[in-house]
Amino acid sequence: MVECGCEKKVRNRKLSQRCPAVRKSLYTRFIKRGLDVMLSGIGIALLSPVLVMIVVMEWIFHGPPVLFVQKRPGLHGKLFNLYKFRTMTNQRDKDGVLLSGEERLTRFGKLLRRFSLDELPELFCIFTGKMSVIGPRPLLPQYLKYYTKRHRMRHEVRPGLACVPLKPLDSWSWNDQFENDIYYVENCSFVLDVKMMLALVKEAFLGREYRVCDTREEFNGTNLYQNAYRGDANND
């Protein structure tokens, strides 16, 4: 039996009232963090020539600074500095106002985004304990006030490079993303992390076209179920 859109929304709203239980196990308490340190450390060492090369290219195409730094909420909602390579210039109009993201996005920036190379500096966030390899994406701080009690639980685990949905979805609303995060919070395990890591590696090698021109509408509390995108966004 096919579920209609209205029935799905009713079911999702009922589900949004249930507070999830955070998965606690030997893996989540001790092993996961050790794997994060090991994998991020190996990644930083192996990719150091790539990092240096990107820094040089950043200086040429975008100028200083080479990093985009922004406050994001992490574990328990505590703010930390998220680091990414810049994909845009600081070009402004004659009145000194920044041009739109679409106008400032460079060809080199598009390349970085397509293969997720702009996110490589986040390896240092993982190594220092601010993030995990796998976990809910750290979003903008202003979203915190709009979360339901259930969706706020996505901050009960460390944020990650990605929390890849393992089942194909016919849409990707904010509710879809938050519910996928909650699924991870409730079911975190070594097997689930491995599956998501493999999916993440596959996406990185094949390239993610949707990241090139990320036009997703910012979450404002009223667009939870909208699968909406707009033309100027740079909030990951």
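My aim in this report is to walk through the structure given alongside it, one point at a time. (Residues numbered from 1 in each chain as written. Predicted model: local features only at pLDDT ≥ 70, side-chain atom pairs only at ≥ 80, totals over all residues. Heavy atoms only, no water.)

Turning next to helix α9 (residues 190-206). Helix length check: α9, at 17 residues, gives a terminal C-alpha distance of 24 Å against a target of 24 Å (1.5 Å per residue), a fit within 8%. Along α9, the positions that sit buried rather than exposed are L192, D193, M196, M197, A199 and L200. Looking down the long axis of α9, one finds its buried residues gathered within 170° of arc, a one-sided arrangement. Away from its buried face, by an angle of more than 90 degrees, α9 presents the exposed residues V191, L198, K202, F205 and L206. Buried positions along α9 lie against α2 (26-46), β3 (132-134), β4 (160-162) and α8 (174-187). Looking one or two places after α9, you find G207, whose phi comes out positive at around 90°. (Helix = DSSP H or I, 4+ residues; strand = E, 2+ residues; numbered from the N terminus. Expected span 1.5 Å × (residues − 1). Buried < 20%, exposed > 50% of the residue type's maximum accessible area, 1.4 Å probe, protein only. Arc of directions from axis to C-beta. Contact = heavy atoms within 4.5 Å.)

Attention shifts here to the pairing of strand β1 (residues 67-73). When β1 meets strand β2 (residues 79-85), the two strands line up antiparallel, connected through seven bridges. Residue pairing across strands places R72 opposite F80, the latter belonging to β2. Counted along the chain from β1 to the antiparallel partner β2, the turn is five residues long, and its residue H76 has a positive phi close to 60°. (Pairing = 2+ DSSP bridges.)

Now for a nonpolar patch on the surface. Together, M38, L39, I42, L46 and L47 make up an exposed nonpolar region whose accessible area comes to about 440 Å². The topology assignment puts L39 in helix α2. (Patch = residues over 30% accessible without salt bridge, like charges linked within 9 Å, V, L, I, M, F, W, Y side chains within 5 Å. Areas by Shrake-Rupley, 256 points an atom, 1.4 Å probe, with all protein chains shown as cover. Salt bridge = Lys/Arg side-chain N within 4 Å of Asp/Glu carboxyl O.)

Next up on the list: the packing of α2 against α9. Relative to each other, α2 and α9 sit at 30°, their axes nearing to 11 Å. Here α2 lies roughly parallel to α9, going by the angle between them. Of α9, the residues touching α2 (which contributes Y27, K32, L35 and L39) are F190, D193 and M197. Along the lines of polarity and charge, the residues of the contact of α2 with α9 split into five nonpolar, no polar and two charged. (Axes fitted to C-alpha atoms, helices over the stretch in contact; angles between N-to-C directions. Parallel < 35°, antiparallel > 145°, perpendicular 65-115°, else oblique. Nonpolar A, V, L, I, M, F, W, Y, C, P; charged D, E, K, R; others polar.)

Moving on, we get to the side chain of R137. Here R137 is to be found in the loop between β3 and α7 (149-152). Judged by relative accessible area, R137 falls into the buried class, the value being 10%. In this structure the side chain of R137 is engaged in a polar contact, spanning 2.9 Å, whose partner is the side chain of E122. (Polar contact = N/O pair within 3.5 Å; in protein donor to acceptor, adjacent residues only side chain to side chain.)

Evaluation of the coordinates by the stated rule reveals five salt bridges. One salt bridge in this structure joins D118 and K84, with 3.8 Å as the shortest N-O distance. In this pair, D118 sits in the loop between α5 (107-114) and α6 (122-127) while K84 sits in strand β2, placing the two residues 34 residues apart along the sequence. Both residues of the pair, D118 and K84, count as buried. In this structure, the salt-bridge partner of D181 is R154, at a minimum N-O distance of 2.8 Å. Separated by 27 residues along the polypeptide, D181 in helix α8 and R154 in the loop between α7 and β4 bring together distant segments of the chain.

Next up on the list: the environment of L123. Locating L123 in the fold gives a position in helix α6. On the basis of relative accessible area, L123 is assigned to the buried category, the value being 12%. Along the backbone, L123 and V37 are 86 residues apart, and their C-alpha atoms lie at a distance of 9.3 Å. Once you skip the residues sitting within four places of it in the chain, L123 turns out to touch S40, G43, I44 and L47.

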